[in-house]
Every structure is written in C-alpha cells, then in structure tokens.
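Below, each chain spelled out in residue letters.
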Amino acid sequence: MKRVSHRQLIMSSAAALIAAGCGLISPANAQTFSSSYTSTAPKDCRTIGKPENGSTTQVCPGKSGLVVLISEDDLRQTVSVGPNRMAASKEPAAETWFAPFNSTANTVEWRAVDGKPFAIIQRWLIADNNDPDKTGSPTSKPMLAVTRLPPGPVCHVAYVDGQANRNANELARQAADEFARDFKCGKDEVKVVGEKGAAVGLAKR
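Residues numbered from 1 in each chain as written. Predicted model: local features only at pLDDT ≥ 70, side-chain atom pairs only at ≥ 80, totals over all residues. Heavy atoms only, no water.

Novice: Explain helix 3 (residues 168-179) here, please?
Specialist: Given 3.6 residues per helical turn, the α-helix brings residues three or four places apart onto the same face. Taking 1.5 Å per residue as the helical rise, helix 3 with its 12 residues ought to reach 16 Å, and the 16 Å between its terminal C-alpha atoms agrees with that figure. Three or more residues of helix 3 are buried, namely Ala168, Leu171, Ala172, Ala175, Ala176 and Asp177. Those residues of helix 3 that are buried are in contact with strand 1 (33-39), strand 6 (102-113), strand 7 (116-132), strand 8 (138-148), strand 9 (156-161) and strand 10 (191-193). (Helix = DSSP H or I, 4+ residues; strand = E, 2+ residues; numbered from the N terminus. Expected span 1.5 Å × (residues − 1). Buried < 20%, exposed > 50% of the residue type's maximum accessible area, 1.4 Å probe, protein only. Contact = heavy atoms within 4.5 Å.)

See below:
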C-alpha cells in the first residue's frame, strides 16, 4: 500500500474543498437566458396624433417598463425602445431606416438574462424591386434585426437573413446573447450573422 504523507492529505483536502466550493458557486453565477414576446399590432398600440400623408407613430407596451416606438413614413418604418415615447424617439434606432420600402411583423421577441431584457429581435420585410411578383409589385424579403436595449443607447446590433438561413431565429438569439450587451452604438458595425441573402443585402445597401 502506498503511503500518503500528512502534507499530501492536507493538500488533497484543500483541493477537495476548493472543488466543492466551485461546485456550489458555479450554478449560482450561471446566467439564465430567456425569451418573451409582446405585440405591436395596431390594436395593441396607441397611435400618436393623426396620420398625415401616410405617416404614423405608434407606442406599444413592452417589457420591464419599456415601450416600443414604431414610426412610419413613405412606407418605411423605424423601431426604437425606451422608458417612454420621448426617450425612444431620441435613440439611434429611431433614426435607423432602410432605403427600400419595408415593414415589421407584429411580434417582438425580448431576450433577457436572469429576467432582465437586454435586446429585442424583430422580423422585417424588405421590398425587393429587382424581384417583382406576378402583379409587378416588389416581393418582400424577410430579415431579423437584433436591437440592443438600455442601459446605454438603443441601436441595431445584427441582421440575420430570414430566407438564406433556416435557423434564422436561433442565429438571432445567439447574436443577441453574444453581442448586444457589449455593442457600442456608433462605433461598432452592425454584424451580418449567418448566410447573407437578398434581405440583408438590401438593408445594408
């Protein structure tokens, strides 16, 4: 039988205690990511003012005291988030628009860590004038946009082409979880995640 010295016993016990401690600490420090959803359908939102020349502004309830501000002008939308309409209108996202005609779906996915939202994911439809349908109207190409939330500025973080990527939703969530919280609006370039398709090409043009 191999003899174990007193020193070895002490070191082994200390290592065991450290390992046990790490085992207890790790689960407590593990972050839990989750998704929840809100609606931006007109029936669930409040319209600000009277529509003029096709321009509309809607305020929709979000999560954790935040609201979603959707502005439309000339068949193009912007989407921003803030604690109130005024704050949301001053965020970089409120000034981020795409050149082609576009619209957003009525569902907003809120990515949260330990219950606190840090990003939203929303589906956009970007008009492709180079791909008309049977009536001659441009077809719409799907794209998911990831937008970071406060604290800090609200801006687009990543785009995922909804047609070129079968797992677009998973890629958007992964992009939100990995990039949104550390993304520097105005300095970092919006990331294209996954395969690049027509929608992302139109949005980045």
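Novice: What is the right way to read the state of the cysteines from this model?
Specialist: Disulfide: a covalent bond connecting the sulfur atoms of a pair of cysteines. The final tally for this structure, using the stated rule, is two disulfides. The side chain of cysteine 45 participates in a disulfide bridge whose partner is cysteine 60; the two sulfur atoms lie 2.0 Å from each other. The sign of the S-S torsion, about 105 degrees, decides the handedness of the disulfide formed by cysteine 45 and cysteine 60: right-handed. Pair noted here: cysteine 45 is in the loop between strand 1 and strand 2 (46-47) and cysteine 60 is in strand 3 (residues 56-61), with a separation of 15 residues, a long-range link. The exposure class of cysteine 45 is buried, given its relative accessible area of 13%. Paired through a disulfide, cysteine 155 and cysteine 185 show a sulfur-sulfur distance of 1.9 Å. (Disulfide = S-S within 2.5 Å.)

Novice: So what exactly am I meant to see when it comes to the sheet that holds strand 7 here?
Specialist: Backbone-to-backbone hydrogen bonds join strands into a sheet, with any given pair of strands oriented parallel or antiparallel. Pairing within the open sheet is mixed, and its six strands lie in the order 1-6-7-8-9-10. The open sheet terminates on both sides in strands that have one partner only, identified here as strand 1 and strand 10. The mean angle between the axes of side-by-side strands here comes to 30 degrees, regardless of whether they run parallel or antiparallel. For strand 7 and strand 8, the ladder comprises 11 bridges, and the chain directions are antiparallel. (Pairing = 2+ DSSP bridges. Axes fitted to C-alpha atoms, helices over the stretch in contact; angles between N-to-C directions.)

Novice: Looking at this structure, how should I read the environment of lysine 196?
Specialist: By the secondary structure assignment, lysine 196 is in the loop between strand 10 and helix 4 (198-204). Taking the relative accessible area as the measure of exposure, lysine 196 reaches 58% and is therefore exposed. Sequence separation of lysine 196 and aspartate 161 is 35 residues, and the distance between their C-alpha atoms is 6.1 Å. Contacts of lysine 196, omitting those with residues within four sequence positions, involve Ala164 and Gly201.

Novice: Explanation requested: the environment of leucine 149 in the structure shown.
Specialist: You can see leucine 149 is positioned in the loop between strand 8 and strand 9. Note on leucine 149: relative accessible area 2%, which makes it buried. Between the C-alpha atoms of leucine 149 and tryptophan 110, which are 39 residues apart in sequence, the distance is 9.7 Å. The residues touching leucine 149, leaving out its near neighbours within four places in the chain, are Leu66, Val81, Trp110, Pro117, Phe118, Ala119, Ile120 and Val154.

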